[in-house]
Amino acid sequence: MSGYPEASESGSEYDEEMDLASRGGGMQGIARKRGRIQKPVQSSKRPRHQAHLGPAEEDATLFDVVRQGKMAMSGIVDNWIDSYQKDRSSALLDLIQFFVNSSGCKGTVTAEMLEEATDGFQDIIKRMTEEFDEDSGDYPLIAPGIIFKRFKSSFCEFVQALVRQCQYQYIYDQYMMENILTLLTELSNSQVRAFRHTSTLAAMKLMTGLVNVALQISVSLDNTQRQYDTERSKDSSKRAPQKLDVLLEKRKELEEQQNEIESMLNGIFKGIYVHRYRDYIADIRALCMEEIGCWMRMFPKVFLTDSYLKYVGWTLHDKQKEVRMKCLQSLIGLYGNNELMNDLKLFTSRFKDRIVSMILDKEYDVAVHAIKLLVLINNNCNYETKVLTDQDCDSIFQLVYSCHRPVAVAAAEFLNIQLFQNKRYDVTYTKSGTPRGANAPHLANLVLFYIESELHEHATYLVDSLWEVASRILKDFECMSDILLEDPAYDNDKMDEKQETALVDIMVCAVKQAAEGVPPSGRQGYHKKAGTREKRQALEDKVKLTEHFITHIPKLLMKFQMDKDKVAGLLQIPRYFDLEYYSTGRYEKYLVDLLDQITIIIEKHIDGDVLEQASRTLKYLCDDEYTFYASKVQPKRRTLIDNWTEKFNLYFDIYQEAGDDADEEEIYNAVQALKRLTSLYVFNDLTSCKLHNSVNKILMMYNEKTDSFPEPLLREAIKFIFYDLEYGLAIAKKHTDAGIDITQPDAIINISDLRQRVTKFLRDCQYLLTYSPHKSVQEECYMSICDILVTFSSQLAHTNPTLTKLVQKASDQLQHAILEFVRTFVFIAVDEDDDEDDTAKIDALHKRRSLLAAVCKLFVFNMIDLKLASSIFQQYIRFYSDYGDIIKETISRSRHHNKLKCAQTLALSLMALFRTTVNEQGGVLDHSSQQYAHMKELARRFALTFGLDQIKTRDAVAELHKEGILFALKLEGDASMDDDSVVPPNLSFLGILVEFSAKLMKQDKKTVVQYLDKHIKSSMLSNQDQDWIPLVTYRNSLLQGADDDSIKVPAPPKGRRGRKKKIGAADPEETGPQTPQRPMTPQQQQPQQQQPQQHRPMTPQHVAPLPQQQQQQPMQMQQPMTPQQQQQQSMTPQSMTSQQIQQPMTPQPMTPQQIQQPMTPQPMTPQQIQQPMTPQPMTPQQIQQPMTSQQIQQPMTPQPPAPHHGRMTPQQTHHAMAPQQQQQQQHSVLTPQQHHIQMNPQEAIGQPQLTSTVMQATREIRQIHEDHSINSIQYHDSTQSLLNAQLVAAQQQTLAMAATHYSPADYQQQQQHQVPMGYNITSPQAASPMPTNAQYMHATMPNPIVQYDHTNPFQNVTASIQQTPQPSPYYGN
C-alpha cells in the first residue's frame, strides 16, 4: 500500500508539538509528550476511569477484567501500558495469555514456554490445543449466558483501545506489534475453530485501529508538508531555518511511521485476511466482510480499490446468509456516500447482475438489503449510462406483491422513487372548472402500474407495501372520489372502464388498511399485534374516511350500480364506517340513500359476489345499539325480505303448475328469487319467513324426475336448507341459554322438528352425493354434509345436555360416499399442457384444497373413522405440491388425539398401496420399479412425521411395526408358517417397514425382534431364496442399535457363517440404521462347519464370506474351484472397502476365536500348485447376480491384490506396488474435491478374479508376519516360495479364463457390465483422504506436504494419513 489520502482535519495537535520543539525541546520533547499521552494522569478533565480493585481482584488476569466489564477499556489498557513500561516481557506474556483465554483455552502460557519457543508460537499453540475442554464446543465469543453476553464487544473495544493508546510510541518499538501479529497469524492458521475465530476477530479489529492510525498519520503528513511549503515560500528575511529543519525532521519521522504501519497492515491482510475470508466457519467469513467495509469507509483512497473490492464481490456468492448480509451492509455504507461513486464504477459494472439476482434470495433479510442497496445505486450512481436497466427495475417492482412484508416495503420504496418522487405535473381541471387534487397524476400512474403488473387480485398487497412510503397519496380519498365522479376537462385525461375498476380496488384496499391499521392476512415478517400508536392512528383515519364517504358512497353506488366489479368493491366501504356518525352528525338521510341503493343492487344483480357483499353490508348496518336501527334499517330489511319471499312463492307455484312443461323463463324466475333469499340468508336471519317446507319440496320433486330437473334450482335449494338448519341450531342454543323450553310443540324452534329436518337433509344429500350427475350439486352436498357433521357433533351434548338429541353421526354408507367423492374429484391428475388460463387453474386448485380440508377436519376430530383416511394419506407423495401441507397437518393432529389409531392408519395406507401395486404388477412385486421406490419414499415421509421425540411416539411406532409384521407374514388359504417352502405373499412389505426401524427406541427394538421371532422359524433366516431377503433385511434393521445383550439370533443351520464386523467400520449405533439398497441375491456355496455366532445382524452375504472372514479359518489347501466360486471368494479391487484403503499397514490384533483356531501353515505341494482347474460355464442367473451394498457404495480406487502387514520384501514391492505407483501417488495431494465412480449391481461381471490358491498364499504370508517366532531367514524363504506359488496360480487362472466358454448373449452382457478401473478423467486430482470439513482449512493454510519417495512403498498411504488433521473439540463445528 502506498499513498494515503488527503484529509481536511486540522493539524493543531501537531502544531502544538512543533511549537514545543521550536522552544528548545526538539524531537525529544515531542517524544516526552507522546509518553505523557501513553500514561494519562488523573485530572478533572480526563479521569482514568480506573475502579478500585479489592484483594480478590488484584490477582485477576487480563481476561477476567475484560470479561467482567467493570472498568473502562481505556483504564485497563493504561494499566497494561504501565506494566509494559516496567517489564515488557511480562506484559507481553499477559497479553498472550489474554488471547489464549479469550479463545476458551484453560491452559497457562509460562515465561519458560515463551523463552523456549524457537519457531514462533507453534509449540505454545500446540500445547494450548491440548488444554481445551473436550466436553463443550462453546468458547467465549459464542458461549451463551449473561457472563459472556457482552464479552465480544468488550473484547473488540479492548483491542481497539490498545492500538489507540499505543499509537504514538509502543507500536513502533519492534517488539509488541511484531509478537502480537506473529501470535495472531499463527493462531488464525490453527485447526481449532476457537483459536481461528478469536484470533481473526482480534486481527481484524487490530487492523481497523491501525487503519485509523494510518489515516491520522496521513493527515499529519499532509499538514506538515503544507506548513513546510508555506515556510519555504516566504522571503529569505522572513524564513525561519530552524523551523524548516524541525518540519523536515517531523516529515521524515511521519514517513517512517507510515512505512511501519503499512508493513503491519500488509502483514495482517496477506497473512490473515486473505486466508480467513474463505474460512470454513461462516462467522469468520462474516466478520472479515464487515471489517473490510469499515476500512473502505475510513480510508477509501487506499482500500476502495478493485484489488480490495473483489473480495466483497466474490463473497456475494457465499452459501451462508450472514456472510452475504455483511457484504451487502458493507456495500450499503459505501454507496451511501456520493463522493465514492467514481471509485465504485468498475465494481458496479462487474457485480451489478449478482446484486440484482439477490433480490430473490431465499433468505428474506438478504433480499431486503439487496433491494436497499439497489435503491442507493439507482439514486447515487449518476454515470453516463444508466446502471439499472428496465428489466432490472421491473424485477424489483414485482416484489411489492411479495408475501414477506419487509421485502415488499423495500421494493415499494424503490417504486415510490420511480413513480412519485421528483415528478412535476401541471394542474388539471374538471368539466365544471374545479381544479383536481395534486395527487391525481400520481394516482393515475399507480393505476397504470397496477394494471400492467397483471396481478389484479392483489391490490391489498400493493397498498400495504406503499402504505409507509406513499400514505399521503393512498389516503387522499377525496381525490379518488373526485376522479370517479367528475369527468375531466379533456377527454384524453378520462379513465377507461378498466382503469376505473383498478382505482376502485385500490381505494377499497386503502380504506380497509386505514380503518384496521394492520397489514392484510397472508403477509409475513412483521409483528401481528398492532401497537398503541397504530391503533390511535387507525381511529383517526377511520373518522376521516367516515366523514368523507358517508356523503359520497351513495353517489358512487348510483353511478356504477350496473357495473358488478365496481359495485362489489364499493359495497365493502360502508363496513368500515363509524356508524355513530349517522346519528351524531345528522347523516340519516345518507343512510336511507345507502339502503335504497342496496335494495336496487340486490334487485338488478344476479352475480353471487355482489349479492354476498350487499347482504354482508346490510347485516353490518343492522346494529341495534344505534337509534337508527329500529327506525330506518330494520324496516328496510324487513321489506326487502318480504318482497323476495312473495316473489319466490309466486314463481315457484308457477313452476310447480307448469311441471314438465315449464319454460326457461319460469325456471329462471324461481331460481333467481331463491338465489337472492339464499344470499340474504347467509348473513341475515330469515327463519321467521318459514320457507323450509317450500324449499324442501324442491328436493322431493327431484326424486320424482331426476333427469329433467334444473340443476341451479336444486343447488340453491341445498344451500338454503343448510343455512336454515344452521340458523335453527343457533336459535336453539340461544333459547336454551335463556331458559326457554324448546321441547314444546309451539316453540319457535322445536328440537324434535329440527332433528327430523337435519336427519332428512343428510339422507337427501347422501343420495345426491352418490347419484347426482351434476358435479356442482355433488360439491354442494359434500360441503353441506361436512359442515353439518361438525356443527351437530357430539360437542353439543357436552355444552348443553338439552341438545343431545340433535347430535348427528355419519353412517358407514355416508362415510364411504364422502371418501369416494374425494377420490373422484380431489385426487385428479391435472394436465399441465392444458390451454386453460392460469388464474382458472389456481382457482380450481383452491377449490379442491377446500374440499380436502373439509374431510380432513372430520378425521382430526374423530367425526368419521380415522382408518378411512388411509386412502388420503397414501396420496401424500403423489400430490405433495398440491395437498402436502394439508395431509401432513392432518397426520400431526390425528396423532395428537389418538397416537395408536394414527399409526394403524399409516400402516393401513402403506398396506393398501402395497396391495394395489402388487396387483398392477401381475402379483409379483418388482423391487426396481418406480412404484416400489414410491412406497419406500412414502414410508420415509411417514417416519419423518413422528418427529425426534421417541418417548412420545414409542407406542405408536411399535404399533405400526406390529401391524406391518402381521400383514407381511400373513399366509393365504390353509398355508402354515411351519412350511419353509411357502413364502408369504406380502413378505416384501418388510422392506418398506424398514424405514420405521430408526424411530424405535433401543429397548423397543428388542421387543419387536422378539415379537418377530415368535412369528417366524429360524430356518427362514437361512433360506437361500431371494424372496426371503426382506425378512433378513428387516430383522437386521432392528438389530442395529438394539440392546444386544438379550437378543439372540436363531441358530442357523450348518454352513451359515456369521458376518464379522469390518475393521474400521462405523458402529451401527453411531451411524444409525441405514436405508437398505435393493435386496441382494444370496449365493450358493459348499456348507462348512462353524459354530453359530450371536448378537450379529445376518445378511444374505453371510453365505459368501469376505476375505477378512476367510483369514480367520484354519489354513488348509482347497480343491480346485470353478470360476463361479472364484468370483465369490476371491479378493478383487471392487471388494476392497474405503476402510481397507486408508488403514495403516500394521498387524491387526487377533480375536479370541482366532487364538483358539489352529494356526499352523501348511505348505503347498507342487502337485497342488499344478493341479488343473476345470472351469464351468456360468449360468445367466449367476451372471446377473447383483453386488452387495458395500460393493456398490465403495470407491473404485485401484489397490494391490491384498494388503500386507509389516515390511515387504523388494520382490513383493516390485510385484505389488510397481504397477500402481503412478496412480496412488496422487493420493498425497490435498484437494477439497471428492469423486466417486458409481456402479450398479450388475457392473462387476467379467472382471478378472484371483484364484483361491493366490488368496491362500496371501493368508499364509499374513500368518507368517504375525508369527513372531519365525526368524528372518525362514521369513524370506517362505515368502519367496509363496510368491512363486502366486505366479504359477496366476498363470493357471489366465489359461482357465481363456478356456471358459460363454454364449454370445453372456459375452455381450459381460462386455456391457465391465467397469474401467481408473480415476475419473474429469477430475484433475485424486480424491482427498481428508474429512470434508477439514479440506477447506487445509486448502487455505500452509501444511508440510510429504515429498514422494518411490523407494518407500508405504509413503503413498502414510503421506495422506499424516496430513489428515487430528480431531479437535472445535474444529469444523
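Asker: Explain the packing of helix α19 (residues 440–452) against helix α23 (residues 497–516) to me, please; I cannot follow it from the model alone.
Answerer: The geometry of a pair of packed helices is captured by two quantities: the angle between their axes and the separation between those axes. Packing of α19 against α23 brings their axes to within 9 Å, and their N-to-C directions diverge by 100 degrees. Considering their axes alone, α19 and α23 lie roughly perpendicular with respect to each other. Every residue of α23 that contacts α19 at L446, V447, L448, Y450 and I451 is listed here: K498, Q499, A502, L503, D505 and I506. Of the residues assigned to the contact of α19 with α23, the class counts are eight nonpolar, one polar and two charged.

Asker: Please explain a negative patch on the surface as it appears in this structure.
Answerer: On the surface, E112, E115, E116, D119 and D123 cluster together into a patch of negative charge. In this structure, E116 sits in helix α5 (residues 111–116). Taking the relative accessible area as the measure of exposure, E116 reaches 56% and is therefore exposed.

Asker: Could you clarify how one ought to interpret helix α11 (residues 282–298) in this entry?
Answerer: Within an α-helix, residues lying three or four positions from one another point in the same direction, as the helix has 3.6 residues per turn. Taking 1.5 Å per residue, 17 residues should reach 24 Å; α11 reaches 25 Å between its end C-alpha atoms and fits that length. Among the 17 residues that make up α11, 13 are buried, leaving the element largely enclosed by the rest of the structure.

Asker: Looking at this structure, how should I read the packing of aromatic side chains?
Answerer: Any aromatic ring pair is given by two values, namely how distant the centres are and how the planes are angled relative to each other. Across all of its chains, the model carries 46 aromatic pairs by this definition. Taking 5.9 Å as the distance between ring centres and 70 degrees as the angle between the ring planes, the aromatic pair formed by Y582 and F628 counts as edge-to-face. Of this pair, Y582 sits in helix α26 (residues 580–584) while F628 is found in helix α29 (residues 628–658), placing the two residues 46 residues apart along the sequence. Accessibility assignment for this pair places Y582 and F628 in one class, buried. Grouping aromatic residues by their ring pairs yields a cluster made of F269, Y273, Y277, W295, F303, Y308, Y311 and W314. Just above the ring of W644 sits the side chain of K647; from NZ or CZ to the centre is 4.2 Å.

Asker: I keep staring at unusual backbone geometry and nothing clicks. Help me out?
Answerer: Negative phi is the rule for most residues except glycine; trans is the rule for most peptide bonds. Positive phi values are uncommon outside glycine, yet Q174 reaches one of about 60 degrees. Relative to the helices and strands, Q174 is located in the loop between α7 (151–165) and α8 (176–188). We classify Q174 as exposed; its relative accessible area is 53%.

Asker: Mind showing me how you'd approach the environment of G336 here?
Answerer: Mapped onto the elements, G336 comes out in the loop between α14 (321–335) and α15 (345–357). C-alpha separation for the pair G336 and L373, spaced 37 residues apart in sequence, amounts to 8.7 Å. When sequence neighbours within four positions are dropped, the list of residues in contact with G336 reads L376 and N380.

Asker: Would you take a moment to explain the confidence of the model for the chain for this structure?
Answerer: Low pLDDT marks regions whose predicted coordinates should not be analysed in detail. Confidence in the prediction for the chain averages 75 pLDDT; 70% of positions are at 70 or higher. Within the chain, α14 carries the highest mean pLDDT (95), whereas helix α60 (residues 1355–1363) carries the lowest (30). When the criterion is pLDDT under 50, residues 1296–1373 qualifies, and its contacts beyond four places in sequence or with other chains add up to 164 contacts.

Each value, and the rule that gives it
Residues numbered from 1 in each chain as written. Predicted model: local features only at pLDDT ≥ 70, side-chain atom pairs only at ≥ 80, totals over all residues. Heavy atoms only, no water. Axes fitted to C-alpha atoms, helices over the stretch in contact; angles between N-to-C directions. Helix = DSSP H or I, 4+ residues; strand = E, 2+ residues; numbered from the N terminus. Parallel < 35°, antiparallel > 145°, perpendicular 65-115°, else oblique. Contact = heavy atoms within 4.5 Å. Nonpolar A, V, L, I, M, F, W, Y, C, P; charged D, E, K, R; others polar. Patch = residues over 30% accessible without salt bridge, like charges linked within 9 Å, V, L, I, M, F, W, Y side chains within 5 Å. Areas by Shrake-Rupley, 256 points an atom, 1.4 Å probe, with all protein chains shown as cover. Salt bridge = Lys/Arg side-chain N within 4 Å of Asp/Glu carboxyl O. Lys, Arg positive; Asp, Glu negative; His and termini not counted. Charge placed at Lys NZ, Arg CZ, Asp CG, Glu CD. Buried < 20%, exposed > 50% of the residue type's maximum accessible area, 1.4 Å probe, protein only. Expected span 1.5 Å × (residues − 1). Phe/Tyr/Trp six-rings, centres within 6.5 Å; stacked < 30°, edge-to-face > 60°. Lys NZ or Arg CZ within 6 Å of the ring centre and 35° of its normal. pLDDT = per-residue confidence, 0-100.

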